[in-house]
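Coordinates in review
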Amino acid sequence: MEIRAFIVHLDRAVERQPQVDKLMTTLPVPAEIIEAVDGNELTKAEIDLFYRRHLHQPHYPFQMSVGEIACFLSHRKAWAEIVKQDLDAGFVIEDDVDLEPSFATAFAAASACLAPGAFIRFPFRTGKEHGDSLLINGETSVIQPRRVGLGMVAQLISRDAAIRLLQATAHFDRPVDTLVQMGWVTQLSPLAVLPGGVSEISSQLGGSTIKGRKTLTEKLAKEVLRPLYRARIAMRSTRFI
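A quick note: this is a predicted structure, and the numbers were derived from the prediction, not measured. (Residues numbered from 1 in each chain as written. Predicted model: local features only at pLDDT ≥ 70, side-chain atom pairs only at ≥ 80, totals over all residues. Heavy atoms only, no water.)

Quick look at the side chain of Ser 202 now. Inspection of the secondary structure puts Ser 202 in the loop between strand 10 (198–200) and helix 8 (216–240). Looking at Ser 202, its side chain comes within polar contact range of the side chain of Glu 200, at 2.5 Å. (Helix = DSSP H or I, 4+ residues; strand = E, 2+ residues; numbered from the N terminus. Polar contact = N/O pair within 3.5 Å; in protein donor to acceptor, adjacent residues only side chain to side chain.)

What follows concerns the nonpolar core. In terms of nonpolar packing, the biggest core is built from 40 residues, with Ile 69, Phe 72, Trp 79, Ile 82, Phe 119 and Ile 157 touching the most fellow members. Of all elements in the fold, only strand 1 (3–9), helix 3 (66–84), helix 5 (159–168), helix 6 (176–180), helix 7 (183–186) and helix 8 reach the threshold of two or more residues within this core. Among the elements that take part in this core, helix 3 stands out by supplying 8 residues, more than any other. For Trp 79, the residues in contact, after removing those within four places along its chain, are Phe 72, Met 152, Ile 157, Ala 162, Leu 165, Leu 166, Thr 169 and Val 176. (Core = buried A, V, L, I, M, F, W, Y, C linked by side-chain atoms within 4.5 Å. Buried < 20%, exposed > 50% of the residue type's maximum accessible area, 1.4 Å probe, protein only. Contact = heavy atoms within 4.5 Å.)

Let's shift gears to the sheet that holds strand 8 (residues 154–158). With mixed pairing, the 8 strands of this open sheet are ordered in space as 2-1-3-8-5-9-7-6. In this open sheet, the two strands that pair with only one neighbour each are strand 2 (31–35) and strand 6 (131–137). Strand-to-strand twist in this sheet, taken as the mean axis angle between neighbours without regard to direction, amounts to 25 degrees. Contacting strand 1, strand 2, strand 3 (89–94) and strand 8, helix 3 runs over the sheet at an angle of about 155 degrees to strand 3. Its contacts with the sheet put helix 5 on strand 3, strand 5 (119–121) and strand 8, and the angle it makes with strand 8 is roughly 100 degrees. (Pairing = 2+ DSSP bridges. Axes fitted to C-alpha atoms, helices over the stretch in contact; angles between N-to-C directions.)

Omega for the peptide link from Gln 57 to Pro 58 comes to -10 degrees, which places this bond in the cis form. For Pro 58, the location among the structural elements is in the loop between helix 2 (44–50) and helix 3. A cis amide bond links Leu 194 with the next residue in sequence, Pro 195, at an omega value of -10 degrees. Within the secondary structure, Pro 195 sits in the loop between strand 9 (191–194) and strand 10. In this structure, His 54 is a non-glycine residue whose phi angle is positive, near 60 degrees. Among the structural elements, His 54 can be located in the loop between helix 2 and helix 3. Its identity is not glycine, yet Gln 187 carries a phi of approximately 60 degrees, on the positive side. Relative to the helices and strands, Gln 187 resides in the loop between helix 7 and strand 9.

Below, the discussion takes up a positive patch on the surface. A cluster of basic side chains, namely Arg 125, Lys 128, Arg 147 and Arg 230, defines a positive patch on the protein surface. When you line up the elements, Lys 128 lands in the loop between strand 5 and strand 6. (Patch = residues over 30% accessible without salt bridge, like charges linked within 9 Å, V, L, I, M, F, W, Y side chains within 5 Å. Areas by Shrake-Rupley, 256 points an atom, 1.4 Å probe, with all protein chains shown as cover. Salt bridge = Lys/Arg side-chain N within 4 Å of Asp/Glu carboxyl O. Lys, Arg positive; Asp, Glu negative; His and termini not counted. Charge placed at Lys NZ, Arg CZ, Asp CG, Glu CD.)

A few words on the side chain of Thr 178. Looking at the secondary structure, you find Thr 178 in helix 6. Only 2.7 Å separates the side chain of Thr 178 from the backbone oxygen of Pro 175, close enough to count as a polar contact. Those residues in contact with Thr 178 that sit more than four places away from it in its chain are Leu 150 and Tyr 229.

Once that is clear, we can look at the packing of aromatic side chains. Tallying each qualifying case throughout the model produces 11 aromatic pairs. Ring geometry for Phe 50 against Phe 172: centres 6.2 Å apart, planes inclined by 20 degrees, an arrangement best described as stacked. In this pair, Phe 50 sits in helix 2 while Phe 172 sits in the loop between helix 5 and helix 6, placing the two residues 122 residues apart along the sequence. What makes Phe 172 buried here is its relative accessible area of 0%. (Phe/Tyr/Trp six-rings, centres within 6.5 Å; stacked < 30°, edge-to-face > 60°.)

Where charged atoms from two side chains of opposite charge come close, those side chains can pair. Per the counting criterion, the structure on display carries 9 salt bridges. Across the pair Arg 16 and Asp 96 runs a salt bridge, and its minimum N-O distance is 3.7 Å. Here the residue Arg 16 occupies a position in the loop between strand 1 and helix 1 (17–26), and Asp 96 occupies one in the loop between strand 3 and strand 4 (97–99), the gap between them amounting to 80 residues. In this structure, Arg 159 and Asp 86 form a salt bridge, with 2.9 Å as the shortest nitrogen-oxygen distance. Highlighted residues: Arg 159 in helix 5 and Asp 86 in the loop between helix 3 and strand 3, separated in sequence by 73 residues. Through salt bridges that share partners, Arg 16, Asp 95 and Asp 96 make up one connected network.

All right, on to the environment of Cys 113 then. For Cys 113, the position within the fold is in the loop between helix 4 (103–112) and strand 5. Since its relative accessible area comes to 17%, Cys 113 is described here as buried. For the pair Cys 113 and Ile 233, spaced 120 residues apart in sequence, the C-alpha separation works out to 26 Å. Excluding anything up to four places from it in sequence, Cys 113 contacts Ala 118, Ile 120, Leu 135 and Val 142.

Set out below in structure tokens:
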């Protein structure tokens, strides 16, 4: 089985280069860098090619930031590379991720569950996802989450899943991790390996390259609208499963 890792890295994030170098040498499969799309260089015309607000139900209540759009396009570049190289699967990992001692077991368990259409998440938050176990290996399990968690720090993606994702996201209206929650759009049923064996260390590497400053009004709106949106997603997810 041919699996290759793709590290999503923004060229100007030079403070993250040592972590990229570390991942290149410690990942269990051959790795290469996917040059992330730079939101600072995106034009309105390029954004308009992909971004369509209120495209899917339930509607995403917020306008995407340029950084979120650039992040989505960066993941699409990685998915396209999986297809282009005709791999069995690609392991897509962001450049602010570190590998924990449990990662080797997590990666082996996820690889054992690879099948056509497989999309397997490596969550960095614990206790957020619950579901039936498909594989158990000691303290590690691969589950079918009743509700897919957030975050796109690391995923093992089969070639068939990459094709479906590219087809489903020719246009998009929300951040990439929230769209992956919507199996009725992607026609995928993501799995999760627990524990994921990864940690998100952006705070140690200069902070997020996506999040921008928000006004007080924007912060208050998110506090009100976010839980309502998540409740709608949870309800739809239950019906989809």
